[in-house]
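# Architecture and fold: a report
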Amino acid sequence: MSDIRELYQEVIFDHYRRPHNRHEVAHASHTAVGYNALCGDRVELALRVANGIVIEVGFDGEGCAIATASASMMTDLVKGKTLEEAQRLIERFQAMVTSDREPAQRDTEGLGKTRVLAGVREYPARVKCATLAWHTLSAALQGRKEHEE
């Protein structure tokens, strides 16, 4: 196994074992629940937004290493972002894990550590695991309470 692949796996497992922002959000202004019927992953997402900026974000739920790591990294990224910036991150992440374009041609600006999940595009069943939290974030921002993959 290549060193870079081992590094990517370590980042994913670190976020799985010790997820960031796994907590309730008091006085949440945006919430949604996402469910992946294919494998049973479930994420509950809550945000507190003030003046168009994500002040606090937290999640809970049950899921595989990829779903949990993706939710953990996503919450790190969107905290402090405007709603428009969060929406652009959702779009970039979606494109990164589903696009057929060469990796160098994908716009991954601002995606930080979530770039380690780019390889899931080679495993279609895992794409839904990686995107569950992101789809749930999109649903929360749009005022929808549920999202199902």
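Above this text sits the structure in question.
Residues numbered from 1 in each chain as written. Predicted model: local features only at pLDDT ≥ 70, side-chain atom pairs only at ≥ 80, totals over all residues. Heavy atoms only, no water.

## A few points about the overall build of the chain
- Across its full length, the chain holds 4 helices and 4 strands.
- Listed by position from the N terminus, the elements making up the chain come as α-β-β-β-α-α-α-β.
- Across its three principal axes, the chain shows a C-alpha extent of roughly 45 × 30 × 25 Å.
- Taking all 149 residues of the chain together, the buried fraction comes to 43%. (Helix = DSSP H or I, 4+ residues; strand = E, 2+ residues; numbered from the N terminus. Buried < 20%, exposed > 50% of the residue type's maximum accessible area, 1.4 Å probe, protein only.)

## Description of the pairing of strand E2 (residues 42-50)
- Here 6 bridges tie strand E1 (residues 30-35) to E2, and the two strands are oriented antiparallel to one another. Each bridged residue has a counterpart across the sheet, and for Tyr-35 the counterpart in E2 is Arg-42.
- Hairpin connection from E1 to E2: 6 residues lie between these consecutive antiparallel strands, with Gly-40 at a positive phi of about 90°.
- Looking at chain direction, E2 and strand E3 (residues 53-62) are connected through 9 bridges and run antiparallel. Directly across from Leu-45, in E3, lies its bridge partner Phe-59.
- Hairpin connection from E2 to E3: 2 residues lie between these consecutive antiparallel strands, with Asn-51 at a positive phi of about 55°. (Pairing = 2+ DSSP bridges.)

Treat this as a map of the structure, not an account of what it does.
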